[in-house]
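The primary structure of each chain is shown beneath.
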Amino acid sequence: MYFEQFYLTCLAHASYMIGANGEAAVVDPQRDVDIYLKAAEEHNLKIRHIFETHLHADFVSGHKELAARTGATIYIGAKAEAGFPHVALHEGDEVKVGTVRIRALETPGHTPEGMCFVITDEEKLSARPSPLPPQPHAVLTGDTLFIGDVGRPDLSPAHTPQQLAGLLYDSLHTKLLALPDATLVYPAHGAGSLCGRAMRAEKSSTIGTERLTNYALQISSREEFIRQLTTNLPTRPNYFAEDAEINRSGASPLNDLAPLPALSPKDVQTQSQKDAWILDVRSGDDFARAHIPGSVNIALSGQFASWAGAIFGIHSNPILVADTQTQVEEARMRLARVGIEVLQGYLKGGIAAWKKAKLPMSSTPQISAQELNKKLNAGRDGARPVSAPGTDDVVVLDVRREGEWQAGHIADASWHALDAFPRGLPEVDATRTVAVHCKSGYRSMIACSLLERAGHRNVVNVTGGFDAWLAGGMPVASPETALSSK
């Protein structure tokens, strides 16, 4: 059996290819499907089957295009009510891929149509005769079971989170935990995805390991599971519902996208004055040094597509600013993966062209964690009251997610997760310097640029974020410190 995981860091998304005897199946394909065609060619396989564990909300799937290019059959849970040609799966349905058997488990909870797929390598079993029943090799768990977590239960307009959480509990305990402990677990997402909230960094696990270490599987009762799984859920980006509907009907081929217009600096300035979204994909440091006033920085180096979808939405029609044509093309592909397909264009020549046109520029001050600590201490030790104006008059804004904040934060900091910015920006004291930090500096630069776009001129980015604060041995407040905002 050939088995390969394709991990897309930008979306914390895992897809899979399974092959045997010259044919292959792809599970949960990403939007751009050439990687599967290339892998199939390299291993002398023909893609005959495409499986979807559910209607993905955080990215646009490539199932329809991959089927069109290969002639493969698409399989998805019957409750998805998919609008493209497919085979509707029910509990216990099986599909053979050469000597590999793929068995469907109906596992509603994250979504009503959720499925998991049990993989059994019959060739391996036949080589080791045993009186015992065949043991599965692995289970592809979609967004039902993650490494260290389970799927969020609030993504269905037809069910309450409590109803889905109850279904999820049943799916986990009657279906997945009934598998042998040695069964390998391969989920559809990893750490950083908003489809869960406490995923570990590993890309795979086993049923036995998750049984012992996954917090959600330690919860003693169905009622308590429902309570915990529906409390303090992370913000759900608005584009999630739209992506799920795109996947229900199937996305159009990427080749159908219109060419991206190259815009002059004057064109971009005109659009920016009309409040158009200007998306700068350069590094945070480059953005900090010089950028177009009102532009928003989401660097390609991180989970670019997820944040672009969450901040802008799929109908935002942004203008791209990048250093190179390669960056423009990469940004466009990654935006298409979350459904942002229509863009106004890109700044031809990048920031160099903007500077050459002698148009206005902005910059974002940055501060190290050590320097921030000195400024905070200047107010706390009596040398200057924290509330008094002056160069050391600084307050801290933490834009990490709630679990990160609860694990430890800078004393007296206020908290407003970046996920919540689209619902409303945090209140900022215009008379004081606001030092914005996240874990490493990536999200905080996004936050700084959004605050600057709203007219705030007193924000600074903390380089290295909370990681740098911890590395410097500076004090961390206990989790019981009150939250100021959400």
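Residues numbered from 1 in each chain as written. Predicted model: local features only at pLDDT ≥ 70, side-chain atom pairs only at ≥ 80, totals over all residues. Heavy atoms only, no water.

Student: I'd like a description of the pairing of strand E3 (residues 23–27), backed by residues and values.
Tutor: Regular strands have side chains that alternate between both faces of the sheet. Burial analysis of E3 places four of its five residues in the buried class, the great majority of the element. Relative to E3, strand E2 (residues 13–20) runs antiparallel, the two sharing five bridges. Looking across to E3, one finds that Tyr16 is bridged to Val27. Handedness of the crossover joining E3 and strand E4 (residues 46–51) through helix H1 (residues 34–42) is recorded here as right-handed. (Buried < 20%, exposed > 50% of the residue type's maximum accessible area, 1.4 Å probe, protein only. Helix = DSSP H or I, 4+ residues; strand = E, 2+ residues; numbered from the N terminus. Pairing = 2+ DSSP bridges. Right-handed = clockwise from strand over helix to strand, strands pointing away.)

Student: Please give an account of the nonpolar core that cites residues and values.
Tutor: Judged by nonpolar contacts, the single largest core of 51 residues is most densely connected at Ile298, Phe304, Leu320, Leu418 and Val436. When residues of this core are traced back to their parent elements, those giving at least two are helix H7 (239–249), helix H9 (284–289), helix H10 (304–312), helix H11 (325–336), strand E21 (433–437) and helix H15 (442–453). The contacts of Leu418, once residues within four sequence positions are left out, are Trp307, Ile311, Val399, Arg443, Ile446, Ala447 and Leu450. One finds Val139, Leu145, Ile219 and Phe225 within the second-largest nonpolar core, a separate group that totals 22 residues. (Core = buried A, V, L, I, M, F, W, Y, C linked by side-chain atoms within 4.5 Å. Contact = heavy atoms within 4.5 Å.)

Student: Residues and numbers for the sheet that holds strand E19 (residues 394–398), please.
Tutor: A sheet is described by the order of its strands in space; here five strands give the open sequence E18-E22-E21-E19-E20, paired in parallel fashion. At either margin of the open sheet sits one strand with a lone partner, and together these are strand E18 (366–368) and strand E20 (414–415). Examined bridge by bridge, E21 and strand E22 (residues 459–463) share three bridges and lie parallel to one another. Each residue of the ladder has a partner; that of Val436, found in E22, is Asn461.

Student: Would you mind going over unusual backbone geometry in detail, with residue names and values included?
Tutor: Excluding glycine, a negative phi dihedral is what most residues carry, and trans is how most peptide bonds are arranged. For Asn21, which is not a glycine, the phi torsion comes out positive at approximately 55 degrees. Mapped onto the fold, Asn21 is located in the loop between E2 and E3. On the basis of relative accessibility, which here comes to 58%, the residue Asn21 falls in the exposed class. One non-glycine residue with positive phi stands out, namely Asp412, at about 70 degrees. Inspection of the secondary structure puts Asp412 in the loop between helix H14 (402–407) and E20. Classification of Asp412 by relative accessible area gives exposed; the value is 65%.

Student: Could you give me a rundown of H15, with the residues and numbers involved?
Tutor: The end-to-end C-alpha separation of H15 is 17 Å, in line with the 16 Å expected for twelve residues at 1.5 Å each. A large share of H15 lies buried, amounting to eleven of its twelve residues. Phi for Gly455, located one or two positions after H15, is positive at around 105 degrees. (Expected span 1.5 Å × (residues − 1).)

Student: Which residues make up the environment of Val462, and what values go with them?
Tutor: Structurally, Val462 can be placed in strand E22. Its relative accessible area of 2% is what places Val462 among the buried residues. Taking the C-alpha atoms as reference points, Val462 and Gln366, 96 residues apart in sequence, are found 5.8 Å from one another.

Student: Pulling in residues and values, what's your account of the packing of aromatic side chains?
Tutor: As enumerated under the stated definition, the model contains ten aromatic pairs in all. Between Tyr16 and Tyr186 the ring centres are 5.6 Å apart and the planes differ by 70 degrees, which places this aromatic pair in the edge-to-face class. Remark: Tyr186 occurs in strand E11 (residues 184–187) and Tyr16 occurs in strand E2; sequence separation between them is 170 residues. For the pair Tyr169 and Phe225, a centre-to-centre distance of 5.3 Å together with 65 degrees between the ring planes defines the contact as edge-to-face. Pair noted here: Tyr169 is in helix H4 (residues 161–174) and Phe225 is in helix H6 (residues 222–229), with a separation of 56 residues, a long-range link. Just as Tyr169 is buried, Phe225 falls in that class too. (Phe/Tyr/Trp six-rings, centres within 6.5 Å; stacked < 30°, edge-to-face > 60°.)

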